[in-house]
Amino acid sequence: MKVKLIRYTPEPERVCGMAAALTHSKTTPEKLEEMDDEQLKEILSYVIKLGHTSVIEHANFTFAITGVSRALTHQLVRHRIASYCQQSQRYVSLDKPTYVTPPSIGKNEKMKKAYDETMEKIWDEYNKLLDLDVPAEDARYVLPNATTSNVIVTMNARALLNFFELRCCLHAQWEIRRLANKMLSEVKKVAPTIFKNAGPPCKTKGICPEEKKDCPLYPKKK
Ligand SMILES: Cc1cc2nc3c(=O)[nH]c(=O)nc-3n(C[C@H](O)[C@H](O)[C@H](O)COP(=O)(O)OP(=O)(O)OC[C@H]3O[C@@H](n4cnc5c(N)ncnc54)[C@H](O)[C@@H]3O)c2cc1C
């Protein structure tokens, strides 16, 4: 999997900081431009802490995501507060096997061999259908959840905080969790104040809504 932050709102923390300052000030938005970075960061942190996260909707982040499974993209697009574009299996025929191998299979040589052989067989059948002039949009029905896909996704910072809360959690599946952690490390570089306290609720709030008491990160009673 490759994850790259390809675009984001310029000066995301200044824009969101100005939005936060506006809500607590008599000054006009133009005057807020004169505030320095430190002042804006301070008010931004304060307003986020209060839970007024609408101010961070002004910052958008666009990611290029390559080589993830269709199982992952199905989970990803459930996050409705986002914009997506995904490589089409109607217009793009995938004549060569291209698939993700879960670590639980990859770690075992015998399982990996059986898995790879199954994928080869699936792609043989897929290519046979294409050779019989079945359109790619119908031949793809035989392809597995493991098939790789490429996506461009844009989310605002508020939607990202929700995404990280749900998908950085150990209860989320390994692949989307890996994606979420990579996305989090990318946005932290460009908006450290906004994402300082981002992650699963055990980390950000000291609670586990899933009540997964057997989880190694389950919050310990103080
Ligand atoms: C560990 C895990 C297991 C899961 N298992 C399943 C499963 O078995 N089956 C399944 O179907 N899904 C499952 N999901 C998906 C989950 O139910 C959500 O659909 C997904 O995580 C998107 O979350 P969201 O709605 O908060 O995000 P978004 O769609 O991005 O929404 C963000 C927030 O906006 C608000 N919002 C968005 N749309 C509406 C609306 N229409 N009405 C009111 N408020 C809205 C909500 O506050 C929401 O939290 C699972 C998710 C996780 C993390």
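Since this is a predicted model, take the numbers as computed values, not measurements.

## Describing the overall build of the protein chain
The number of helices and strands found in the protein chain is 10 helices and four strands. Start at the N end of the protein chain and walk to the C end: the helices and strands fall as β-α-α-α-β-α-β-α-α-α-β-α-α-α. For the protein chain, the C-alpha radius of gyration of 22 Å lies well beyond 17 Å, the compact-globule estimate for 222 residues. Taken along its principal axes, the extent of the C-alpha atoms in the protein chain is 70 × 45 × 25 Å. Burial statistics for the protein chain: of 222 residues in total, 27% are counted as buried. Counted over contacts in the protein chain with a minimum sequence separation of 6, partners at least 24 positions apart contribute 71%.

## Regarding helix α6 (residues 109–131)
For α6, built from 23 residues, the straight-helix expectation of 33 Å at 1.5 Å per residue is met to within 8% by its first-to-last C-alpha distance of 33 Å. Looking one or two places after α6, you find aspartate 133, whose phi comes out positive at around 70 degrees.

## Regarding the domain arrangement of the protein chain
For the protein chain, the assigned domains are domain 1 (2–84 + 148–204) and domain 2 (104–142). Distance between the C-alpha centres of domain 1 and domain 2: 37 Å.

## Re the environment of leucine 129
Tracing the chain through its elements places leucine 129 in helix α6. The spatial distance from the C-alpha of leucine 129 to the C-alpha of arginine 140 is 9.2 Å, given a sequence separation of 11 residues. Ignoring anything within four residues of it in the chain, the contact list for leucine 129 reads Val134, Ala139 and Val142.

## Points about the packing of helix α1 (residues 12–23) against helix α3 (residues 37–49)
α3 packs onto α1 with a crossing angle of 65 degrees between their chain directions and a minimal axis gap of 8 Å. Taken together, the axes of α1 and α3 lie roughly perpendicular to each other. Seen along the crossing, α1 lies across α3 with a hand that is left-handed. Taking contact as the criterion, the partners of Glu13, Arg14, Cys16, Gly17, Met18, Ala20, Ala21 and Thr23 in α1 are, on α3, Asp37, Leu40, Lys41, Ile43, Leu44 and Val47. A class-by-class count of the residues in the contact of α1 with α3 yields eight nonpolar, two polar and four charged.

## Some thoughts on the sheet that holds strand β2 (residues 60–69)
With antiparallel pairing, four strands are arranged side by side in an open sheet as β1-β2-β4-β3. The sheet is open, and its two edges are formed by β1 (2–8) and β3 (83–86), each paired on a single side. Between one strand axis and the next, the sheet turns through 20 degrees on average, direction left out of account. In terms of strand pairing, β2 meets strand β4 (residues 148–156) through nine bridges, oriented antiparallel. Considered in β4, the bridge of serine 69 is made with threonine 148. Packing against the sheet, helix α8 (residues 157–167) makes contact with β2 and β4, and its axis sits at approximately 125 degrees to β4.

Reading guide: rules and limits
- Residues numbered from 1 in each chain as written.
- Predicted model: local features only at pLDDT ≥ 70, side-chain atom pairs only at ≥ 80, totals over all residues.
- Helix = DSSP H or I, 4+ residues; strand = E, 2+ residues; numbered from the N terminus.
- Rg over C-alpha atoms; globule rule 2.2 N^0.38 Å.
- Buried ≥ 20, exposed ≤ 12 C-beta atoms within 10 Å, placed from the backbone.
- Contact = placed C-beta atoms within 7 Å.
- Expected span 1.5 Å × (residues − 1).
- Domains from an automatic or database assignment.
- Axes fitted to C-alpha atoms, helices over the stretch in contact; angles between N-to-C directions.
- Parallel < 35°, antiparallel > 145°, perpendicular 65-115°, else oblique.
- Left-handed = near helix turned anticlockwise from the far one by under 90°.
- Nonpolar A, V, L, I, M, F, W, Y, C, P; charged D, E, K, R; others polar.
- Pairing = 2+ DSSP bridges.

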